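As a plain string of letters, each chain reads:
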Amino acid sequence: MALFSVSKTAFLLAFLSLRTYQSEVLSEPLPWAPESLKVSVNTTSQCLHLQWTVHNLAHHQEFRMVFQIEISRIKTSNVIWVENYTTTVKWNQVLHWSWESKLPLECAKHFIRMRSAVDAAKTPGPRVWSSWSSWEEADVQNSLGQDPLFVFPKDKLVEEGSNVTICYVSKSHQNNISCYLEGVRMQGEQLDPNVSVFNLNHVAFIRETGTNIYCKPGQGDGIKGTVLFVSKVLQEPKDFSCETQDLMTLNCTWDPGSDTGLLKQLSQSYTLFESFSGKKILCKHKSWCLWQVAPESQDMYNFTLTAENYLRKRSVHLLFHLTHRVHPMAPFNVLFKNVNATSATMTWKVHAIGKYYTLLCQVELYGEGKVTQHNVSVKVDGVHLFSGLEPDTEYLAQVRCANGNHFWKWSEWTHQNFTTVEAAPSEAPDVWRNVKIVQGRCVVTLFWKPLSKLQAHGKILFYNIVIEYLDRTSGSEVLSIPAPASGTELPLNQCSSQIRITASNSVGTSPASVLVVSREPGNEEVEEERVKGTEDGFPLSWNPQPRHVTGYLVEWCEQPRDPPCDLQWKNLGPNVTSTVVSSDAFRPGVRYNFRIYGISTERVPCLLARKTGYSQELAPSDNPQVVMTNLTSHSFTLSWKNYSTESQPSFIQGYHVYLKSKAGRCHSGSEKAVLSDDAVCCKYKIDNPEQKTFVVENLQPESFYEFLVTPYTSVGEGPHDAFAKVTTPDEYSPTLIRILLPTVFCILLIMITCYLKSQWMKEKCYPDIPDPYKSSVLSLIKSKENPHLTIMNIKDCVPDSIEVLNKQEGTRKSFTETESTKPTYLYLLPTEKRYSSPGPCICFENFTYNQAASDSASCGHVPAPPKAPPSQLGLLTSPENLLKALEKNYMNSLGEIPAGETSLNYVSQLASPMSGDMSNLPKNPPEPALCSEYKMQMAIPLGLASPPSSGSSSLSSITLLDEGERYH
Amino acid sequence: THLRAWDSWGLLACLCTVLWHLPAVPALNRTGDPGPGPSIQKTYDLTRYLEHQLRSLAGTYLNYLGPPFNEPDFNPPRLGAETLPRATVNLDVWRSLNDKLRLTQNYEAYSHLLCYLRGLNRQAATAELRRSLAHFCTSLQGLLGSIAGVMAALGYPLPQPLPGTEPTGAPGPAHSDFLRKMDDFWLLKELQTWLWRSAKDFNRLKKKMQPPAAAVTLHLEAHGF
């Protein structure tokens, strides 16, 4: 100790002298200064390793010293890290210290120096440092190689969420190097002209094969990259638990959480360590591990489960007593013995878990919608008796077990089904009847309801019916009706009888239902009462019977409109005097009839009350079919006898008769009513629903009326849609009919007579025109004048000709000198000039008969141009001459036409021009000399010929002369 | 570059049908020695089928490697993959190859590629990928056997592997995981190119060896990945 004090004093003196004469003594090394500082670089772990010794340490000296370490980057002045490293230093000891760089060490040069001081924490005053060691350089860049580009760090493994620094080192002095993270360009900062740095914060796991980072220069195809392996963070195992099924093996399970496996790193491993035994096993599976229990040796276990990967380690602990973690296996061999109608015995086996352990088993029974539960204590074999079961019912039984001493967990359930056997039906069938008298015989229709499953105790096979006649002489009858019938019809020999009905299954027969039938129909005069249905049903009540009754029964039809009416009944106790009958089959607007019977002790039913009502009344949807009779001028009678008040959707309270008239006046007994369409009418009210006739009076004769009969109920009237129409007759019309009818008859008689005698009338009034062929005149002409003369044939006739006749008095001339039979045409010449060639003529030709003519502008009706005689032509050069010629020709041919008339005659092509006037024929009948031709659509210049007009103008007189007629 | 699974199975079924019916083709069913024609045809068909199978596999595997390896226009320099047999050859040189040399080159190339591919399979992390790779390796083994069959039919000896040159799983010294991924990329790319080249090789051989009767070929589209 004295030596130490001396040394210390000397050190202090030396230090003071250092401070005083710093400039002079700087180069002089102090005792215990660090020396032989060596720096090495581990690029895999990106660590700088320092090793040094302490100078001048005596052989047995041991000091606690502080070493201050400075790290600079790129240049010595850029200090990035200062750390005081305190340790105990012995003689000749080599000291080590490591520092992990965030920046990859390949990216920049690093410089390290250190100084030392004796750790004088217990002594006050400033610490006296040794001099700094010289800077040691750590430079990996020189050893990189000749490649133009490098990316660092190489294949680094980090946890998710870490911050990572990436850099590239370019040796080709290219500035336009771009770097990408998973194909996305990164923005970095330049550390020096050849080095750029990229900081990645909170890196995320992308894939097992790592995150690709690569750089490429702007020119050339060199690409350099690195893979950053980002591992998921190792999680603490969750839900760590151990249990045993047989006290031989412990099964430990846990939730491993996310897998941290990568291409570069295996998935996390799990080890299980037990501290009492000191045993440790490496688990083969990620989420469970088996631990062999040494028999009878250890009860308490303290487990440590450790998850570990390259970067991290996590542990969980579990302390437990082995017998408290027993999870038995599911029971097996579940069987049922002695299964009868109401009980069964279940047996099962359990896997043994040691000699001294008792299992607690839970037995559950499901059946008929109920669950029962029982606990049973079991060593090896379990037994349980189920009682109070229903016959013919399927049950499901299941059992599970747990450690009876220290409950930990139930085992899995083991299920088994069983069915109880059948038993005789327990209840008598619910039976009702309907009695009819058919041809003097009683016919009973029996109805029964099927027994419920709980009553039937098995499948009902048939129903037995025993009829016992009460007068003892007729004996009894036995019938068997196979199920599933629900009724039967029985003709009885005698009405007075007792009927017993039982149901049978394969095991036995039910108690009997007894009905007594008697000839008396019962109290049928019971008055029907109305009952109002509600949403819950029909509330029915009746007076209690003074006589002793065994019960009451209500019957009704659920389908009263369609037979069979689906008879329903309801049995009630003897003390009940009211009930509510409800059914899903009840519909609004349907009338239901209920009959209430009292059942006597002799099983004879007696009708007590009749009720009728609607579950909901609806307004009538139809009006009565009304027949109108006795129509007079002042009244008519309406009748709707066929209208049934029973089958309506509500109780009919009466009728309204509506009468519409133009007058709009209402007489006494009616009132004015306004209909929904604003029509005003008179309303007659009939209060009695059974009154189905009505006389409408005080009507006006010959008036139009509309009427409607509609029922009214508590919920409204029938529809107001179809008014019938009627018109009252006239007061005098019967008298008029008495006169008119005979008159009409007489006229008809005359007309019929005229029709029948029409031939006679015709002959007398308008005889037929004679036929020229048959005329006697024809034979006369032939013999006298011309043997070649014939009556013009229809075929030869020039079609439709128009002839204008101008007759003048005193110019008659005989036509006897006619020589030629050829027709002559007269041509109109509009100028004074003489024409030798055929000129235009006015003609009307029907092309139907002469097509060729239409092609010729010169009225080519005649193939050869007509050569008019000079004299004739000369005459025709002026209108006056023309007129004369016309007159002359006309007179030549028709000398007998009354003078002073100018007319346009139409000459039919089918008949001779003369045929119409046989009496005017000259002595020498002319050939069809004058044929006025009608040419349709013939273009005639207006300047040449004016259209013919009826009237006195001579220009309009166009006469077509017979060519053969020579004008002399 | 993704080929759906049913597509691959459809092609396989088609190929099986074709192979099944090959004996029924009259030109191939001559009495006596049928010559190397059928086995050349079979080998040709197998190369086309493998081309399709590889396209699907490469798509999956490159996605597994991640970008930039699965980018369509990624075309890095062939640096670390020098030991891979190179399929690219000058056209005149390729034309001037004799049958024996042509077949020998094919055989040697697939022997090497198959070894590398098995190495790839060992590294794969996902079970599905391992299954696909194993399936492809089996098919490639079949192709190798088929080429050996053709060579035997033509009377050429199989090339003996030189001692020490047998690749040991991975092509070349992979310095980093990034370079290893690059090698994987080049392995798949070179394999694709070899399959294209083999299809042409066997088509050429087929035309040379056979009359034009046995024209049962599969016309399959080939695209790069």
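Notes on the structure in this doc start here. A quick note: this is a predicted structure, and the numbers were derived from the prediction, not measured.

Under the definition given, this model contains 22 salt bridges over all chains. In this structure, Arg591(A) engages Glu646(A) in a salt bridge whose closest nitrogen and oxygen atoms are separated by 3.7 Å. Of the two residues, Arg591(A) is situated in strand E43 (residues 591-600) and Glu646(A) in the loop between strand E46 (636-639) and strand E47 (652-661); the sequence distance between them amounts to 55 residues. Among the residues examined, Arg591(A) registers a relative accessible area of 12% and is labelled buried. A network of salt bridges, in which partner residues are shared, links Arg102(B), Arg197(B) and Asp201(B).

Tracing the chain through its elements places Ser600(A) in strand E43. The residues touching Ser600(A), leaving out its near neighbours within four places in the chain, are His548(A), Val549(A) and Thr550(A).

Take the nonpolar core next. One finds Tyr110(B), Leu117(B), Phe136(B) and Leu140(B) to be the most contacted residues of the largest nonpolar core, which totals 56 residues. Those elements that place two or more of their residues in this core are strand E16 (224-231) of chain A together with helix H2 (37-65), helix H4 (99-123), helix H5 (127-154) and helix H6 (177-209) of chain B. Ignoring anything within four residues of it in the chain, the contact list for Tyr110(B) reads Leu140(B), Leu143(B), Leu144(B), Ile147(B), Leu191(B), Trp194(B), Leu195(B) and Ser198(B). With 42 residues, the next largest nonpolar core counts Leu250(A), Tyr270(A), Leu322(A) and Val378(A) among its residues.

Attention now moves to the sheet that holds strand E10 (residues 164-170) of chain A. Residues and elements named next belong to chain A. Strand order in the open sheet made by the 4 strands is E8-E10-E14-E13, with antiparallel pairing throughout. Among the strands making up the open sheet, the edge pair consists of strand E8 (149-152) and strand E13 (189-192). The mean inter-strand angle of the sheet, taken between neighbouring strand axes irrespective of direction, is 25 degrees. Bridge analysis of E10 against strand E14 (residues 195-200) gives 6 bridges, and the strand direction is antiparallel. Note on E14: the bridge partner recorded for Val169 is Val195.

All right, on to the packing of H5(B) against H6(B) then. Residue and element names in this part refer to chain B. Packing of H5 against H6 leaves a shortest axis separation of 13 Å and a crossing angle of 30 degrees. Looking at the two axes, H5 sits roughly parallel to H6. Relative to H6, H5 is oriented so that their crossing is left-handed. Residues Phe136, Leu140, Leu143, Ile147 and Leu154 of H5 lie in contact with H6, whose contacting residues are Leu191, Leu195, Phe202 and Met209. Grouping the constituent residues of the contact of H5 with H6 by class yields 9 nonpolar, no polar and no charged.

The subject of this paragraph is the packing of aromatic side chains. Summed over all chains, the structure comprises 38 aromatic pairs over all chains. For the ring pair Tyr214(A) and Phe178(B), a centre distance of 6.4 Å and an interplane angle of 25 degrees mean the geometry is stacked. Taken together, the residues Tyr214(A) in strand E15 (residues 211-216) and Phe178(B) in helix H6 connect one chain to another. Using a relative accessible area of 1% as the deciding quantity, one classes Phe178(B) as buried. Consider the rings of Phe538(A) and Phe594(A), whose centres lie 4.8 Å apart with planes at 50 degrees: the pair is tilted. Note that Phe538(A) is positioned in strand E39 (residues 538-541) and Phe594(A) in strand E43, a separation of 56 residues in sequence. For the residue pair Phe538(A) and Phe594(A), the accessibility class agrees, reading buried in each case. Here the basic side chain of Lys660(A) rests over the ring of Phe723(A), its NZ or CZ set 4.2 Å away from the ring centre.

Let us look at the sheet that holds strand E21 (residues 288-292) of chain A. As a general point, the strands of a sheet are linked pairwise by backbone hydrogen bonds and lie either parallel or antiparallel. Residue and element names in this part refer to chain A. Taken in spatial order, the 3 strands make up an open sheet running E17-E18-E21, and their pairing is antiparallel. Only two strands of the sheet have a single neighbouring strand rather than two, namely strand E17 (238-244) and E21. On average, adjacent strands in this sheet sit at an angle of 15 degrees to one another, irrespective of strand direction.

If you look at the interface, chain B gives 18 residues, while chain A gives 20 residues. When residues of chain B are sorted by the area they lose upon contact with chain A, Pro67(B), Asp177(B) and Phe178(B) head the list and together hold 36% of the total. Taken together, chain B and chain A are joined by 0 salt bridges. Connecting chain B to chain A are 6 residue pairs in polar contact (both at pLDDT 80 or more). Those elements giving two or more residues to the side of chain B that touches chain A turn out to be H2 and H6 of chain B. Broken down by element, the residue count for the side of chain B that touches chain A peaks at 4 residues, all from H6(B). Partitioning the side of chain B that touches chain A into residue classes produces 11 nonpolar, 4 polar and 3 charged.

So, how was this worked out
- Residues numbered from 1 in each chain as written.
- Chains lettered and ligands numbered in written order.
- Predicted model: local features only at pLDDT ≥ 70, side-chain atom pairs only at ≥ 80, totals over all residues.
- Heavy atoms only, no water.
- Salt bridge = Lys/Arg side-chain N within 4 Å of Asp/Glu carboxyl O.
- Helix = DSSP H or I, 4+ residues; strand = E, 2+ residues; numbered from the N terminus.
- Buried < 20%, exposed > 50% of the residue type's maximum accessible area, 1.4 Å probe, protein only.
- Contact = heavy atoms within 4.5 Å.
- Core = buried A, V, L, I, M, F, W, Y, C linked by side-chain atoms within 4.5 Å.
- Pairing = 2+ DSSP bridges.
- Axes fitted to C-alpha atoms, helices over the stretch in contact; angles between N-to-C directions.
- Parallel < 35°, antiparallel > 145°, perpendicular 65-115°, else oblique.
- Left-handed = near helix turned anticlockwise from the far one by under 90°.
- Nonpolar A, V, L, I, M, F, W, Y, C, P; charged D, E, K, R; others polar.
- Phe/Tyr/Trp six-rings, centres within 6.5 Å; stacked < 30°, edge-to-face > 60°.
- Lys NZ or Arg CZ within 6 Å of the ring centre and 35° of its normal.
- Buried area = accessible area lost by both parts, 1.4 Å probe.
- Polar contact = N/O pair within 3.5 Å; in protein donor to acceptor, adjacent residues only side chain to side chain.

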